[in-house]
Amino acid sequence: MLLMKFLIRGGKKLSGEIAVKGAKNAALKAMAAALLFENPVVLENMPLIEDVSRAGELLGGLGASIKKRGEGAIEIDPRGAVQSELEQEIAKRLRASVVVVGPLLARGGKASFPYPGGCVIGRRPIDVFLDGWRAMGATIKMEKGNGFCVEAGKLRGADYTFRVVSVTGTETLMMTAALAEGRTVLRNAALEPEIPALARFLNSSGARIRGAGTPTIEIEGTAGKLLRAAEAFRMIPDRIEAGSFLILGAALAPGDGLRISGCNPEHLTAVLAALRDAGARPEIGKDWVTVRRPEKLRAVNIQTREYPGFPTDLQAPFAVLMTQAEGESIIFETIFENRFGYAEDLKRMGANIFFADQHRIVVKGPTVLRGREIESPDLRAGLAFVAAALLAEGESKISNVYQIDRGYEKIDERLRKLGADIERVR
Ligand code: EPU
């Protein structure tokens, strides 16, 4: 599977409708949350992606059992989860593995895990997780081979302020606190829509969480008592997938444009604003957006920010769009320190990009892109390469498709239905 490539012949226009799948970054947290329950839980609208499979393997390694329950639904039975050690190889491949540690610690009082490395978009430390657990009374030992062991006889509620705003940090500590003794206050919490979604799920299962989606979250813990899972929980639409399709539409869908359905436009305001500034005129419905390529694309500066700002996960696809826009666009990445790895490859395809400093590139457009062989370094840059290849003259081969499959369900099949010339080849 690791050897598969996308063969893309560029220059085809896109049109039609594409439905957004359930959010990867909600699904991974909901799966971890299963460990907080005394009973099995059904998760619906799950994307069929590699990261979800890895998370399933991780839970399986702990002793939980996972069953398919029809289209896009899984059932997780946490009752056999008696192991406290995350499987090294899987945990290292999945940044979200650290999210499992919070519920695991809350459930059994102990969790061992390797440093969740393997990521190419920056250092991605885990200090806020460790600090938060310590504040709740856990002790943390470094283990041989760069791993950690977190232990807590009893987790106590704490008043904890995040030094940096962290999405997974907020979610993880919120889940840990759900079973702690007493009240936890998390300050400077992240606001991403996946966080209130997770809180709603936990609250429907007996947790007491207030303020999720604001910077201050209050959690009344259960003093160790497991939660009783609500019947089923449905993932919110993937706002990053939706945003990726919006960018594809603005780049490649003249005429009737692309209709992106099954999304939540309220979660897409920053991207929609940037697209409007670029000259696109998206039409917005309750759960759909239509976007088409404007006659003239204009350069726009963007700055990635925590939600509700422009998402870092759409920075690379947006830079590809800007290669087609008239003028100079400054792309300012403020969340991660190493998220321009893709720019050299875009330059090889003909893009006119210059590195202003470690956090800023300048894209001058419009330029004609030419097909190339490129390797997908990470999930979002991989999608950006797909966009670039679809725009390019000639043929491109994108290797390391696993990275794209980590977060986008069957992207080749779905784009083909819109008119893209994309094949999965060995
Ligand atoms: N940070 C620290 N210390 C920590 C944790 C984070 O300094 O202990 C720093 C990071 O280095 C970074 C900043 O805080 O500079 C923000 O990182 P955050 O913790 O918010 O990122 P994350 O939780 O690891 C999630 C998503 C990412 C998404 C970011 C930002 C999941 C599984 N991952 O990562 O999604 O880019 O939030 O929105 O939810 C993706 O889906 O492709 C992806 C990378």
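The sections below set out a description of the structure shown in this document. (Residues numbered from 1 in each chain as written. Predicted model: local features only at pLDDT ≥ 70, side-chain atom pairs only at ≥ 80, totals over all residues. Heavy atoms only, no water.)

### Description of the overall build of the chain
So, step 1. Scanning the chain from terminus to terminus reveals 14 helices and 23 strands.
So, step 2. Taking the principal axes of its C-alpha atoms as reference, the chain extends roughly 60 × 45 × 45 Å.
So, step 3. Within the chain, counting contacts between residues at least 6 apart in sequence, those at least 24 apart form 72% of the total.
So, step 4. Approximately 16,900 Å² of the chain is accessible, and the part contributed by carbon and sulfur atoms is 47%.
So, step 5. Once the 59 positive and 52 negative side-chain charges of the chain are each reduced to a mean point, those two points are 1 Å apart. (Helix = DSSP H or I, 4+ residues; strand = E, 2+ residues; numbered from the N terminus. Contact = heavy atoms within 4.5 Å. Areas by Shrake-Rupley, 256 points an atom, 1.4 Å probe, with all protein chains shown as cover. Lys, Arg positive; Asp, Glu negative; His and termini not counted. Charge placed at Lys NZ, Arg CZ, Asp CG, Glu CD.)

### Focus: the site of the ligand
So, step 1. Residues in contact with the ligand amount to 25 residues; listed here are only the nearest, Asp127, Ser166, Thr168, Asp313 and Ile335.
So, step 2. Ser166 is positioned such that a nitrogen or oxygen atom in its side chain is 2.6 Å from an oxygen atom of the ligand.
So, step 3. Here the ligand, which alone exposes 830 Å², has 91% of that area covered by the protein.
So, step 4. Elements with a contribution of two residues or more to the shell around the ligand: helix 1 (24–33), helix 5 (127–135), helix 6 (167–178) and helix 12 (379–391).
So, step 5. In the shell around the ligand, the residues fall into 12 nonpolar, 4 polar and 9 charged. (Near = heavy atom within 4 Å. Polar contact = N/O pair within 3.5 Å; in protein donor to acceptor, adjacent residues only side chain to side chain. Nonpolar A, V, L, I, M, F, W, Y, C, P; charged D, E, K, R; others polar.)

### Observations concerning the sheet that holds strand 2 (residues 16–19)
So, step 1. The 4 strands lie next to each other as 2-14-16-15, forming an open sheet whose pairing is mixed. One side of each edge strand has no neighbouring strand; the edge strands of this open sheet are strand 2 and strand 15 (283–284).
So, step 2. Here strand 15 pairs with strand 16 (residues 288–291) via 2 bridges, running antiparallel. If you follow Ile284 over to strand 16, its bridge partner there is Val289.
So, step 3. Most of the contacts of helix 8 (residues 239–252) go to strand 14 (residues 258–261), to which it runs at about 170 degrees, and overall it touches strand 2, strand 14 and strand 16. (Pairing = 2+ DSSP bridges. Axes fitted to C-alpha atoms, helices over the stretch in contact; angles between N-to-C directions.)

### Remarks on the side chain of Asn39
So, step 1. Assignment of secondary structure puts Asn39 in the loop between helix 1 and strand 3 (41–44).
So, step 2. Engagement of the side chain of Asn39 in a polar contact is seen with the backbone nitrogen of Ala229, the distance being 2.8 Å.
So, step 3. Those residues in contact with Asn39 that sit more than four places away from it in its chain are Pro78, Leu227, Arg228 and Ala229.

### Some details on the pattern of salt bridges
So, step 1. In total, this model carries 32 salt bridges according to the counting rule given.
So, step 2. Across the pair Asp51 and Arg406 runs a salt bridge whose closest N-O atoms are separated by 2.9 Å. Here Asp51, found in helix 2 (residues 50–62), pairs with Arg406, found in the loop between helix 13 (402–405) and helix 14 (411–416); they are 355 residues apart in sequence, far enough to count as distant.
So, step 3. Accessibility expressed as a relative area gives 16% for Arg406, which makes it buried.
So, step 4. A salt bridge links Arg69 to Glu75; its shortest N-O distance comes to 2.6 Å.
So, step 5. Taken together, the salt bridges that share partners define one network made up of Arg9, Glu395, Asp421 and Glu423. (Salt bridge = Lys/Arg side-chain N within 4 Å of Asp/Glu carboxyl O. Buried < 20%, exposed > 50% of the residue type's maximum accessible area, 1.4 Å probe, protein only.)

### Description of the sheet that holds strand 3
Across a sheet, strands are paired by hydrogen bonds formed along the backbone, either parallel or antiparallel in direction.
So, step 1. The strand order across the open sheet formed by 4 strands is 4-5-3-13, and the pairing between neighbours is mixed. At either end of the open sheet lies a strand with only one pairing partner, and these are strand 4 (65–68) and strand 13 (232–234). For this sheet, the mean inter-axis angle between neighbouring strands, taken without regard to orientation, is 25 degrees.
So, step 2. Looking at chain direction, strand 3 and strand 13 are connected through 3 bridges and run parallel. When the bridges of strand 13 are listed, Val42 appears paired with Ala232.

### Digging into the packing of helix 6 against helix 7 (residues 194–204)
So, step 1. Contact pair helix 6 / helix 7: the axes reach a minimum separation of 10 Å and the direction vectors enclose 15 degrees. By the angle class used here, helix 6 and helix 7 are roughly parallel. For the crossing formed where helix 6 meets helix 7, the hand is right-handed. Residues Val167, Thr170, Glu171, Met174 and Met175 of helix 6 lie in contact with helix 7, whose contacting residues are Glu194, Ile195, Leu198, Ala199 and Leu202.
So, step 2. A class-by-class count of the residues in the contact of helix 6 with helix 7 yields 7 nonpolar, 1 polar and 2 charged. (Parallel < 35°, antiparallel > 145°, perpendicular 65-115°, else oblique. Left-handed = near helix turned anticlockwise from the far one by under 90°.)

### Digging into helix 6
So, step 1. Counted at 1.5 Å a residue, the expected span for helix 6 with its 12 residues is 16 Å, and the 17 Å between its end C-alpha atoms agrees.
So, step 2. Of all 12 residues in helix 6, 11 are buried; the element is thus mostly enclosed.
So, step 3. Turning to helix 6, its buried residues number three or more, namely Thr168, Gly169, Thr170, Glu171, Thr172, Leu173, Met174, Met175, Thr176, Ala177 and Ala178.
So, step 4. N-capping of helix 6 is provided by Ser166, with a side-chain oxygen placed 2.9 Å from the backbone N of Gly169. (Expected span 1.5 Å × (residues − 1).)

### Observations concerning the nonpolar core
So, step 1. Leu43, Phe113, Trp133, Met174 and Leu202 are the most contacted members of the largest nonpolar core, which has 78 residues in total.
So, step 2. Those residues within four positions of Leu43 in sequence are excluded, and the remaining contacts are Ala30, Met31, Gly72, Ala73, Ile74, Ile76, Phe201, Phe233 and Met235.
So, step 3. Listed in part, the 73 residues of the second largest apolar core include Leu246, Ala280, Ala387 and Ala420. (Core = buried A, V, L, I, M, F, W, Y, C linked by side-chain atoms within 4.5 Å.)

### Examining the environment of Val362
So, step 1. Mapped onto the elements, Val362 comes out in strand 20 (residues 360–365).
So, step 2. Among the residues examined, Val362 registers a relative accessible area of 9% and is labelled buried.
So, step 3. Expressed as a C-alpha distance, the spacing of Val362 and Gly350, which sit 12 residues apart in the sequence, is 14 Å.

### A word on a positive patch on the surface
So, step 1. On the surface, a cluster of positive charge is contributed by Lys68, Lys410, Arg416 and Lys417.
So, step 2. The residue Arg416 is located in helix 14 in this model.
So, step 3. Look at Arg416 and you get partly exposed, because its relative accessible area is 40%. (Patch = residues over 30% accessible without salt bridge, like charges linked within 9 Å, V, L, I, M, F, W, Y side chains within 5 Å.)

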